[in-house]
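Listed below, chain by chain, are the residues.
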Amino acid sequence: MKRLIALIWLMTACSSVNVPPEFVYRKIQTRDFTLASWQKITNPSDVFKIYIEGDGYAFNTNGLETNDPTPRGTLVRELAFGDLSPNVVYLARPCQYIKSDICSKRHWSTARFAPEIINAEYDAVMQIANNSPVILIGFSGGAQVAGLIAAAKPKLNVKEIVTIAGNLDHLAWTQHHNIPPLNESLNLESWRKQFAKFPQTHYVGGGDEAIPPFLVKEFVNDRQSVIEVPEATHNSRWESIYPQIWEKR
């Protein structure tokens, strides 16, 4: 349990970031969850860049499970709110910021990638972008979500998938850290061939102990799509890649 708590702390941080005035807060109602989003949409016919949040904040300072998985780390928000592209959306995961009646601790632990979670994220992206092309940018567990809604839900018009410190195969991840498996969750490994068909870029941190680079490299077929940032840990020192992600269109 102590190792699991240490990993969760590696995957979270405690600070906030200001929301630019051009971003509008919108609740997105799906069948099971109401999702929080901040949206800047100025040209609906153009590409949508959708930033998908990580797993959030599952434990408090005493190592006890929290009732609020809302993220404390600012990485995804910094990226989204700094992106000057015409259509940019920061999309939270179910139960972050908004607690739907269905929410329970399993939705940010063993069931964090359960079918109802993935369906909600997919529905939200479809409501936002409809048939417009999308670039999905997922951080940590948000990378698993991005991969699943693209590979397992083929109606999305996905132009590219970008991951940062991505947990692309959570079974391999739990086995590596010798922690309990996410046995109520879907795993992108089951859609590996479909996932490989999408243009993709994966950023991994040389100092990331939570998602070691080898886990991503072993999952991705095209090693050239994996870019290692030597100084990056799980939550910090990614600033050098911000411009590369912002330039994607």
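This text gives an overview of the structure that appears in the document.

Criteria and cut-off values
Residues numbered from 1 in each chain as written. Predicted model: local features only at pLDDT ≥ 70, side-chain atom pairs only at ≥ 80, totals over all residues. Heavy atoms only, no water. Helix = DSSP H or I, 4+ residues; strand = E, 2+ residues; numbered from the N terminus. Buried < 20%, exposed > 50% of the residue type's maximum accessible area, 1.4 Å probe, protein only. Pairing = 2+ DSSP bridges. Axes fitted to C-alpha atoms, helices over the stretch in contact; angles between N-to-C directions. Contact = heavy atoms within 4.5 Å. Polar contact = N/O pair within 3.5 Å; in protein donor to acceptor, adjacent residues only side chain to side chain. Core = buried A, V, L, I, M, F, W, Y, C linked by side-chain atoms within 4.5 Å. Parallel < 35°, antiparallel > 145°, perpendicular 65-115°, else oblique. Nonpolar A, V, L, I, M, F, W, Y, C, P; charged D, E, K, R; others polar.

Attention shifts here to unusual backbone geometry. A positive phi angle, near 50°, is found at A165, a position not held by glycine. Its location among the elements puts A165 in the loop between β6 (158-164) and α5 (170-177). By relative accessible area, A165 is classed as buried at 1%. Of note in this structure, R237 is not a glycine but carries a positive phi near 65°. By the element assignment, R237 lies in the loop between β8 (226-229) and α8 (242-246).

A few words now on the sheet that holds β6. Strand order in the open sheet made by the eight strands is β1-β2-β4-β3-β5-β6-β7-β8, with mixed pairing throughout. The sheet terminates laterally at β1 (24-29) and β8, the two strands that pair on one side only. The mean angle between the axes of side-by-side strands here comes to 20°, regardless of whether they run parallel or antiparallel. On top of the sheet, helix α2 (residues 75-82) reaches β2 (34-41), β3 (48-52), β4 (87-91), β5 (134-139) and β6; it is set at about 165° to β4, its chief contact.

Attention now goes to α2. Along α2, six of the eight residues are buried, which leaves the element largely enclosed by surrounding structure. Within the span of α2, buried status applies to L75, V76, R77, L79, A80 and F81. In this structure, the buried residues of α2 make contact with β2, β3, β4, β5, β6 and α8.

Burial within strand β7 (residues 200-205) is extensive, with six of its six residues counted as buried. Burial along β7 is two-sided: Q200, H202 and V204 facing one way and T201, Y203 and G205 facing the other are all buried. One ladder, built from four bridges, connects β6 with β7; its direction is parallel. Within β7, the position partnered with T163 by the bridge is H202. Sheet analysis places β7 next to β8, joined by four bridges and oriented parallel. Each bridged residue has a counterpart across the sheet, and for V204 the counterpart in β8 is E228.

Among the secondary structure elements, S37 is positioned in strand β2. A relative accessible area of 0% places S37 in the buried class. A polar contact of 2.9 Å, which involves the side chain of S37, links it to the side chain of Q39. In contact with S37, other than residues within four places in its own chain, are V24, Y25, R26, I28, V89, Y90 and L91.

Right, let's talk about the nonpolar core for a bit. By size, the foremost hydrophobic cluster in this structure holds 50 residues, and its most contacted members are I50, V134, L136, I149, V158 and L168. Residue assignment for this core shows that the elements contributing at least two residues are β3, β4, α3 (115-129), β5, α4 (141-151), β6 and α7 (213-219). Here this core gets nine residues from one element, more than from any other, and that element is α3. Filtering out sequence-adjacent residues up to four positions away, L168 remains in contact with A143, Q144, T163, N187, L188, E189, F195, H202, V216, F219 and V220. Y51, A80, A92 and I137 belong to the second-largest nonpolar core, a separate cluster that totals 27 residues.

Let us now look at the pairing of β1. Inspection of the sheet shows β1 paired to β2 by six bridges, in the antiparallel sense. Paired with V24 across the two strands is Q39, which belongs to β2. Linking two consecutive strands that pair antiparallel, namely β1 and β2, is a turn of four residues.

This part is about the packing of α3 against α4. Viewed as axis vectors pointing N to C, α3 and α4 meet at an angle of 70°, and their least axial separation amounts to 10 Å. Taken as axis vectors, α3 and α4 run roughly perpendicular relative to one another. From α3, I118, E121, Y122 and V125 reach across to α4, where they touch V145, L148 and I149. In terms of residue class, the contact of α3 with α4 is built from six nonpolar, no polar and one charged.

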